[in-house]
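# Structural overview for review
Below are the chains, spelled out letter by letter.
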Amino acid sequence: MSAGIIDGKAIALRVREDAAVRTAALKAAGVEPCLAVVLVGEDPASLSYVTGKEKALAEAGMAGRDIRLPASTTETELLDLVARLNADPSVDGILVQLPLPKHIREDRVIVAIDPAKDVDGFHPVSIGNMVIGRPGFLPCTPHGVVVLLKEMQVKTDGAHIVVVGRSNIVGKPLANLLTRRDVNATVTVCHTGTKDLAEHTRRADILIAAAGKPRLVSGDMIRPGAVVIDVGVNRVEDPTAKKGYRLVGDVDFEAAKETASLITPVPGGVGPMTIAMLMRNVVESAENRSSRA
Ligand code: NAD
């Protein structure tokens with residue numbers, strides 16, 4: 001048996017097209033959705049992420065305010081910038097690309113963003129709203145995973161979903177979203193303190209890997225017929241590749257596709273969904289602005 005491959009790019013495209021249609025309607029009513037994208041320093045992976053986001057904004061017809069700051073920017077300077085963007089009525093969303101240089105405290109910056117413009121969904125208010133089911137922005141990667149499962153019509157109601165990873169941006173919010181009634185799964189969260197990882201992963205109807213460890217999940221850790229979602233994006237050296245490296249997930253894809261029923265590739269699985277859900281959050285924020293006007 002060979003697993004079906006989940007085409008994250010195609011599903012993401014549909015989400016982005018929907019954002020573009022909603023953007024056109026807003027612009028016709030005189031409101032142009034705008035995301036401020038702030039990059040501090042020159043980390044190559046971060047640079048490629050923000051470039052991807054700016055391209056997606058342009059394709060959806062939204063405005064992007066690109067703000068590039070040197071790595072020497074102080075925490076106070078960055079907080080001042082966030083305050084100015086909070087106060088700017090033409091800005092619907094503020095995205096500060098993480099990670100930030102070591103001398104800037106990320107949590108200080110995240111809490112400084114107005115929750116009404118927190119399109120990354122990282123602010124404690126956004127997280128709190130998510131947990132108790134109030135309206136607010138959902139974090140893009142976990143939300144993207146939920147949309148992928150729904151679009152692929154994977155049966156989640158009553159399913160046992162095992163999430164590997166407990167970070168604030170992926171594992172924790174994802175585990176929370178999966179227990180909502182609209183997904184209705186029973187969730188096990190594994191992490192570095194988990195004793196026998198394979199024992200848990202083998203019991204998963206749906207296995208979601210978000211550990212950031214290449215090939216952490218081998219084929220024999222997957223229950224036959226399981227759905228496998230690989231959130232991991234890891235650079236591994238590859239002298240045959242043009243850039244000297246290639247991207248792999250946390251799952252041994254070749255082995256897993258012989259066991260799983262459905263699987264996401266890396267790249268082209270969860271990654272495109274993250275950007276698509278960001279576009280949806282920005283357009284939603286602009287719709288909120290429009291309805292307040
Ligand atoms: P993180 O390093 O903050 O968290 C990783 C988590 O995995 C930790 O909670 C840790 O407990 C767990 N973990 C690590 N090694 C483990 C092991 N051997 N056994 C069990 N658990 C283990 O990373 P993150 O920010 O959550 O990102 C995870 C991965 O997802 C990374 O590869 C990252 O690049 C990728 N990512 C992808 C997207 C996307 O859009 N596709 C978005 C965000 C993150």
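Look a little higher up for the structure.
Residues numbered from 1 in each chain as written. Predicted model: local features only at pLDDT ≥ 70, side-chain atom pairs only at ≥ 80, totals over all residues. Heavy atoms only, no water.

### Topic: the overall build of the chain
Broken down by element type, the chain carries 10 helices and 11 strands. The principal-axis extents of the C-alpha atoms in the chain amount to approximately 55 × 40 × 35 Å. Burial status across the chain gives 49% buried among its 293 residues. Contacts in the chain between residues far apart in sequence, at least 24 positions, make up 70% of those at least 6 positions apart. On the chain, roughly 13900 Å² of surface is accessible, and the fraction owed to carbon and sulfur atoms is 54%. For the chain, the centre of its 35 positive side-chain charges and the centre of its 35 negative side-chain charges are spaced 2 Å apart. (Helix = DSSP H or I, 4+ residues; strand = E, 2+ residues; numbered from the N terminus. Buried < 20%, exposed > 50% of the residue type's maximum accessible area, 1.4 Å probe, protein only. Contact = heavy atoms within 4.5 Å. Areas by Shrake-Rupley, 256 points an atom, 1.4 Å probe, with all protein chains shown as cover. Lys, Arg positive; Asp, Glu negative; His and termini not counted. Charge placed at Lys NZ, Arg CZ, Asp CG, Glu CD.)

### A short note on the pairing of strand β5 (residues 160-164)
Burial analysis of β5 places 5 of its 5 residues in the buried class, the great majority of the element. Across the two faces of β5 the burial is the same, with H160, V162 and V164 and I161 and V163 all buried. Here β5 pairs with strand β7 (residues 206-209) via 4 bridges, running parallel. Note that in β7 the partner of V163 across the bridge is I208. (Pairing = 2+ DSSP bridges.)

### Structural notes on the sheet that holds strand β8 (residues 227-230)
Sheet architecture is open: 6 strands sit in the order β1-β11-β8-β7-β5-β6, paired in parallel fashion. Every other strand in the sheet has two partners, leaving β1 (4-5) and β6 (186-190) as the edge strands with one partner each. Those strands touched by helix α7 (residues 171-178) are β5, β6 and β7, and its axis lies near 170° from that of β5. (Axes fitted to C-alpha atoms, helices over the stretch in contact; angles between N-to-C directions.)

### Let's talk about the site of the ligand
Residues in contact with the ligand amount to 22 residues; listed here are only the nearest, R166, S167, G212, V233 and T274. T192 is positioned with one of its backbone polar atoms (N or O) 3.2 Å from an oxygen atom of the ligand. V233 is positioned with one of its backbone polar atoms (N or O) 3.0 Å from an oxygen atom of the ligand. For the ligand, whose free accessible area comes to 850 Å², the fraction covered by protein is 73%. Considering every element that reaches the shell around the ligand, the biggest residue donor is helix α10 (residues 270-292), with 3 residues. (Near = heavy atom within 4 Å. Polar contact = N/O pair within 3.5 Å; in protein donor to acceptor, adjacent residues only side chain to side chain.)

### Overview of a nonpolar patch on the surface
Nonpolar side chains collect at one region of the surface, where Y49, V233 and L247 lie side by side and expose about 250 Å² of accessible area between them. Looking at the secondary structure, you find Y49 in helix α2 (residues 44-60). Using a relative accessible area of 41% as the deciding quantity, one classes Y49 as partly exposed. (Patch = residues over 30% accessible without salt bridge, like charges linked within 9 Å, V, L, I, M, F, W, Y side chains within 5 Å. Salt bridge = Lys/Arg side-chain N within 4 Å of Asp/Glu carboxyl O.)

### Thoughts on α2
Between its first and last C-alpha atoms α2 spans 25 Å; for 17 residues at 1.5 Å apiece the expected length is 24 Å, and the two agree. Among all positions in α2, only S46, V50, K53, E54, A56, L57 and A60 are buried. Projection of α2 onto a plane perpendicular to its axis shows the buried side chains occupying an angular sector of 160°, all on one side. Exposed residues pointing more than 90 degrees away from the buried face of α2 are listed as K55 and A58. (Expected span 1.5 Å × (residues − 1). Arc of directions from axis to C-beta.)

### Let's talk about the packing of α2 against α10
Two measures define how a pair of helices packs: the angle their axes make with one another and the distance between the axes. Interhelical geometry of α2 versus α10 gives an angle of 50° and a closest axis separation of 10 Å. In this view, α2 runs oblique relative to α10, as classed from their interaxial angle. Between α2 and α10 the crossing geometry is right-handed. Facing G52, K53, A56 and L57 of α2, the residues of α10 in contact are I275, L278 and M279. Counted by class, the contact of α2 with α10 contains 5 nonpolar, 1 polar and 1 charged residues. (Parallel < 35°, antiparallel > 145°, perpendicular 65-115°, else oblique. Left-handed = near helix turned anticlockwise from the far one by under 90°. Nonpolar A, V, L, I, M, F, W, Y, C, P; charged D, E, K, R; others polar.)

### Topic: the sheet that holds strand β4 (residues 93-96)
Across the sheet, 3 strands lie side by side as β3-β2-β4; this open sheet has parallel pairing. Each having just a single partner strand, β3 (63-69) and β4 make up the two edges of the open sheet. Along the sheet, successive strands turn relative to each other by an average axial angle of 15°, direction set aside. Here strand β2 (residues 34-40) runs beside β4; their pairing, made up of 4 bridges, is parallel. What sits directly across from V38, in β4, is V96. Across the sheet, α2 is in contact with β2, β3 and β4; its angle to β2 comes to roughly 165°.

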